[in-house]
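# Coordinate analysis (summary)
The chain contents come next:
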Amino acid sequence: MELLKTLNKKVLIFDGAMGTMLQKEGLVGGELPELYNIEKPDVLKKIHKEYVDAGADIITTNTFGANSLKISNTPYTVDEIIAAAVENIRAVITNQLIALDIGPTGKLLEPIGSLSFEEAYELFKEQVIAGVKSGVDLILIETFSDLQETRAAILACKENSNLPVFCTMTFQDNGRTLTGTDATTFVNVVQDLGIDALGVNCSLGPKELAPIIEEILNCSLIPVIVQPNAGLPTLENNETVFELEKEEFTEFIKPSITKGVAIVGGCCGTTPDFTKLLKTSFGGKPVVKRNVKRKTAVCSSTQTVIIDGRVKIIGERINPTGKKKIKEALKLNKMDFILNEAMTQVDAGADILDINVGLPEIDEKDAMVSVIKELAGIVKVPLQIDSAKTDVIEAACRLYCGKTIINSVNGKQINMDKIFPIARKYGASLIALTLDEDGIPATCEKRFEIAEKIIKEAKKYGIDEERLFIDNLVLTASAQQEGVLETLKGIKKVKDNYNVRTTLGASNVSFGLPNRHMLNKTFLVMAMTYGLDVPITDPTAPEIVGHIKAFEVLSSIDIDSKNYINYMDSTDLSNLIEEKNTSESNKDLQTIIIKGLKDEVEAVTALMLKDSDPMVIVDEYLIPALNIVGQAFNDGDIYLPQLIRSAETVKKSFVIIKEQLLKSGMPTISNGKVLLATVKGDIHDIGKNIVKVILENYGFEVFDLGKDVQPEEIVETVIKENIKLVGLSALMTTTVISMEETIKQLREANLDCIIVVGGAVLTPDYAKKIDADYYCKDARETVEVANKVFNIK
């Protein structure tokens with residue numbers, strides 16, 4: 001472990017690709033690379049020895065897919081495969097470190113997919129325990145595209161070992177992962193989970209990854225690791241090859257090293273020759289120091305909100321206190337009412353949403369978990385967990401895919417002892433209330449003393465000042481008028497002395513007085529003048545957001561008044577108020593689909609069928625709504641969770657429509673037959689499953705043959721069902737040959753069908769070389785091809 005002491009001091013070198021090397025040793029499509037650990041150990045020892053001789057400091061186990069899901073049809077256990085993998089490395093190393101390689105499960109997690117967070121956690125836990133037992137030196141979590149799955153893997157590592165943990169995600173050419181996470185969000189979510197290094201691997205070459213690497217370097221507080229592919233893949237003489245030679249690869253890596261990358265290696269297409277050149281070029285050289293300062297960041301899975309001088313709003317409306325409709329919605333589990341409240345606040349200008357579901361009549365923990373799951377598929381803004389119960393806070397923090405704020409901790413020692421360990425474990429920020437065992441102090445000075453106590457206690461847990469939001473607790477002007485100014489002075493005092501942020505429940509000041517809106521907005525402006533960063537307020541209240549925008553102009557925060565002008569151009573406050581009060585029954589079907597309100601869609605569809613022809617509903621509401629959602633996805637306005645949510649909402653509507661068609665004897669909806677399959681040897685079906693959902697909701701009849709499908713089965717199904725469009729998927733470079741063979745057999749059968757291909761390792765040029773008709777990078781493009789093939793306007 002001496003080598004790890006040089007982490008972030010001297011550049012460390014990881015090994016390169018395993019799949020590329022195994023292919024050279026005879027691995028063919030359909031074989032599981034992990035089985036070579038036991039069945040062909042000499043091959044593994046040879047490859048590891050080549051990387052050792054090339055100068056790699058860290059050697060990775062051949063266990064990328066060694067989880068119970070992927071090896072379920074083999075005669076071996078996870079323990080046996082990992083133990084053999086470690087032994088194969090130990091047989092050839094001198095002073096190199098052994099990294100346990102953990103790849104993704106191959107399944108999408110809830111709310112996008114069906115795998116639960118805890119199910120994923122248990123799969124990773126089994127691998128971690130096996131790795132610890134076998135004596136690995138560190139754990140490498142790599143090639144993840146789902147932030148929630150990444151969190152599950154990290155927690156499994158941290159809760160079941162004391163080993164160093166490195167974590168890399170894989171990004172697309174749009175700068176985001178498959179599920180929509182950008183590099184800044186990835187960094188801010190995972191770096192406070194206690195890992196030792198983070199970065200990017202796979203998917204693209206070093207040139208294409210350069211902007212993503214730079215983004216990571218600009219915000220990561222911990223060492224950065226980079227393991228690109230050897231450029232993009234092409235097909236030559238029926239073999240998958242990558243475009244970059246080792247010299248070009250190394251040259252493209254160089255700028256990242258000069259900007260502060262601490263660990264470098266290779267992914268798909270790289271070999272020991274690449275490793276050797278990386279070692280001679282960069283190995284052991286001092287890591288370039290980066291001057292990265294911690295920012296106060298709160299994140300959802302797809303968006304980071306930086307508290308940087310601009311005033312941000314925490315929406316307060318999802319709270320049953322004093323809100324009869326929220327109480328009833330929680331009691332009756334009317335989730336769409338809660339979702340509507342969330343979306344209304346976001347539309348009105350909320351940057352973060354406070355979630356409080358505390359009612360004595362319900363199970364608060366279950367309700368909190370349910371609301372978080374639903375909101376994760378609807379809104380992009382981060383959530384704040386608001387509860388007085390420790391078990392509720394922990395359950396919510398564990399499940400929430402992002403970097404949340406805990407509301408709250410206070411100056412009571414017993415409270416800090418309970419809350420700070422949760423915040424440390426899950427990387428959360430906290431609202432800190434300036435009260436202690438003696439209650440809320442009357443003076444600014446006493447509140448400041450409590451704030452100092454909380455700040456110092458937080459540091460014992462590794463929680464920096466930037467993760468704390470001090471709440472100086474505004475009291476009601478009707479009862480404690482002199483306390484209002486004490487609260488404001490407290491904001492300034494704590495900001496003058498510490499690098500914390502400040503927050504307030506701004507509307508508390510007006511309780512018990514007439515014209516509360518007048519008092520609230522006046523107090524809000526006063527508080528911002530004293531340094532308030534993040535008010536907790538109702539963003540739909542008249543002029544609240546407008547006053548914040550105006551304040552930023554007059555305080556020279558909004559340079560050239562750009563944000564103020566844009567806000568006034570795009571927002572009509574009276575429309576916001578009208579939208580807030582709109583009856584649920586007035587929502588049209590298209591709006592329900594766009595917003596993903598699954599609980600409402602069935603009743604509205606059934607109501608419309610009383611007066612409308614089923615196909616009119618499909619053509620004038622469902623398809624146009626899907627087109628709007630699809631375009632928003634293409635434009636980057638929404639991401640995969642929202643796209644899938646809308647698709648699931650349409651699916652519920654289609655069920656009602658199909659039932660009506662059957663009752664009336666009319667033909668069911670089918671725009672055409674499409675076959676989907678992940679090719680022989682490939683067990684990854686995430687992308688294919690997403691395509692299936694979207695195609696079905698555009699009215700196509702999908703024949704899903706699953707994963708690891710033989711070419712003969714695909715040909716037989718096309719003939720039997722007279723299918724006109726075939727979609728083939730491959731994620732692994734080792735299985736693209738299977739895709740080519742499948743296409744060859746379809747062509748030789750002289751079938752009248754169009755073939756579309758997709759997958760992480762494919763490109764348009766590659767698709768042409770293997771004789772596919774179309775390449776589609778995502779589900780939206782596949783729908784466009786299907787519409788073209790079947791002449792759907």
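Before reading on, note that the structure itself is shown above.
Here goes a summary of the coordinates provided. If you're wondering where the values come from, they're calculated on a predicted model, not measured in any experiment.

In terms of regular secondary structure, the protein chain is built from 30 helices and 25 strands. Since a compact globule built from 793 residues should have a radius of gyration of about 28 Å, the 28 Å found for the protein chain is in line with a globular shape. Along the three orthogonal principal directions, the C-alpha set of the protein chain runs to about 85 × 75 × 50 Å. The buried share of the protein chain, taken over its 793 residues, is 58%. Residue pairs at least 24 apart in sequence account for 76% of intrachain contacts in the protein chain once pairs closer than 6 positions are excluded. Only carbon and sulfur atoms are counted for the fraction: they give 50% of the accessible area of the protein chain, which is about 31800 Å². When the 88 basic and 113 acidic side-chain charges of the protein chain are each reduced to a single mean position, those positions are 4 Å apart.

Now for the layout of surface pockets. There is about 1100 Å³ of room inside the second largest pocket. What lines the second largest pocket is a set of 44 residues, among which Glu316, Asn319, Asp386, Gly505 and Asn508 lie closest to the centre. Of all the elements, helix H15 (residues 413-426) adds the most residues to the lining of the second largest pocket, at four residues. Here the lining of the second largest pocket is composed, by residue class, of 14 nonpolar, 19 polar and 11 charged.

Turning our eyes to something else, we now look at helix H14 (residues 390-399). In terms of residue burial, H14 counts as a mostly covered element, since seven of its 10 residues are buried. For H14, the complete set of buried residues consists of Val392, Ile393, Ala395, Ala396, Cys397, Arg398 and Leu399. Buried residues belonging to H14 abut helix H5 (117-134), helix H6 (147-160), helix H13 (364-376), strand E15 (383-386), strand E16 (405-410) and H15.

Bringing empty space enclosed by the protein into the picture now. Rolled over the atoms, a probe as big as a water molecule pinpoints where empty space is left. Under the counting rule described, the total for this entry stands at four cavities of 30 Å³ or more. Here the largest cavity is characterised by a volume of approximately 280 Å³. In terms of lining, the largest cavity is formed by 25 residues, of which the most central are Glu110, Pro111, Ser301, Ala376 and Cys401. Listing elements by their share of the lining of the largest cavity, those giving two or more residues are H6, H13 and helix H25 (640-664). Top element by residues in the lining of the largest cavity is H13. It accounts for four residues. Classifying every residue of the lining of the largest cavity gives 14 nonpolar, seven polar and four charged.

This part covers the side chain of Glu486. You can see Glu486 is positioned in helix H17 (residues 483-497). Within the local environment of Glu486, its side chain forms a polar contact with the backbone nitrogen of Cys444, the two atoms lying 2.7 Å apart. Contact partners of Glu486, with chain neighbours within four places excluded, come to Ala442, Thr443, Cys444, Glu445 and Arg447.

This next bit is on the sheet that holds strand E25 (residues 774-775). Pairing is parallel across the open sheet formed by five strands, whose spatial order is E22-E21-E23-E24-E25. The sheet is open, and its two borders are formed by strand E22 (701-704) and E25, each paired with just one other strand. Looking at chain direction, strand E21 (residues 673-678) and E22 are connected through four bridges and run parallel. Its bridge partner lying in E22, Lys673 is registered against Glu701. The sheet contacts of helix H26 (residues 686-697) involve E21, E22 and strand E23 (725-729), and relative to E21 the element is tilted by about 170°. Against the sheet, helix H27 (residues 711-721) makes contact with E21, E22 and E23, and its axis sits at roughly 170° relative to E21, the strand it touches most.

Contact geometry for helix H12 (residues 335-348) and helix H23 (residues 598-609): axes closest at 7 Å, N-to-C directions at 110°. What the angle tells us is that H12 and H23 run roughly perpendicular. In this structure, H12 contributes Met335, Asp336 and Asn340 to the contact, and H23 contributes Lys598, Asp599 and Glu600. Residue composition of the contact of H12 with H23, by class: one nonpolar, one polar and four charged.

Glancing now at the packing of helix H24 (residues 614-634) against H25. At a minimum axis separation of 10 Å, H24 and H25 run at an interaxial angle of 170°. As the angle between them shows, H24 and H25 are arranged roughly antiparallel. Of H25, the residues touching H24 (which contributes Pro614, Ile617, Val618, Leu622, Leu626, Val629 and Phe633) are Leu640, Leu643, Ser646, Ala647, Val650, Ser653, Phe654, Ile657, Gln660 and Leu661. Its residues placed into classes, the contact of H24 with H25 shows 14 nonpolar, three polar and no charged.

All chains considered together, the criterion is met by 38 salt bridges. Salt-bridge contacts for Lys688 lead to Asp704; the nearest nitrogen and oxygen are separated by 2.9 Å. Separated by 16 residues along the polypeptide, Lys688 in helix H26 and Asp704 in strand E22 bring together distant segments of the chain. The buried category is assigned to Lys688, whose relative accessible area is 4%. Residue Asp771 pairs with Arg747 through a salt bridge whose shortest N-O separation is 3.2 Å. Pair noted here: Asp771 is in the loop between helix H29 (764-769) and E25 and Arg747 is in helix H28 (residues 736-748), with a separation of 24 residues, a long-range link. Take Arg747: its relative accessible area is 29%, and that puts it in the partly exposed class. Several salt bridges share partner residues, and in doing so they unite Glu118, Glu159, Glu394, Arg398 and Lys425 into one network.

Once that is clear, we can look at the packing of aromatic side chains. Tallying each qualifying case throughout the model produces seven aromatic pairs. Geometrically, the ring pair formed by Phe124 and Phe144 is tilted, given 5.7 Å between the ring centres and 45° between the ring planes. Of the two residues, Phe124 sits in helix H5 while Phe144 sits in strand E4 (residues 138-144), which places them 20 residues apart along the sequence. Take Phe124: its relative accessible area is 0%, and that puts it in the buried class. On the basis of relative accessible area, Phe144 is assigned to the buried category, the value being 0%.

The rules behind these values
Residues numbered from 1 in each chain as written. Predicted model: local features only at pLDDT ≥ 70, side-chain atom pairs only at ≥ 80, totals over all residues. Heavy atoms only, no water. Helix = DSSP H or I, 4+ residues; strand = E, 2+ residues; numbered from the N terminus. Rg over C-alpha atoms; globule rule 2.2 N^0.38 Å. Buried < 20%, exposed > 50% of the residue type's maximum accessible area, 1.4 Å probe, protein only. Contact = heavy atoms within 4.5 Å. Areas by Shrake-Rupley, 256 points an atom, 1.4 Å probe, with all protein chains shown as cover. Lys, Arg positive; Asp, Glu negative; His and termini not counted. Charge placed at Lys NZ, Arg CZ, Asp CG, Glu CD. 1 Å grid on protein atoms, 1.4 Å probe; cavity = no way out; pocket = protein on both sides within 12 Å on 5 of 7 lines; lining within 4 Å. Points joined across faces, edges and corners; volume = space filled by probe spheres on them. Nonpolar A, V, L, I, M, F, W, Y, C, P; charged D, E, K, R; others polar. Polar contact = N/O pair within 3.5 Å; in protein donor to acceptor, adjacent residues only side chain to side chain. Pairing = 2+ DSSP bridges. Axes fitted to C-alpha atoms, helices over the stretch in contact; angles between N-to-C directions. Parallel < 35°, antiparallel > 145°, perpendicular 65-115°, else oblique. Salt bridge = Lys/Arg side-chain N within 4 Å of Asp/Glu carboxyl O. Phe/Tyr/Trp six-rings, centres within 6.5 Å; stacked < 30°, edge-to-face > 60°.

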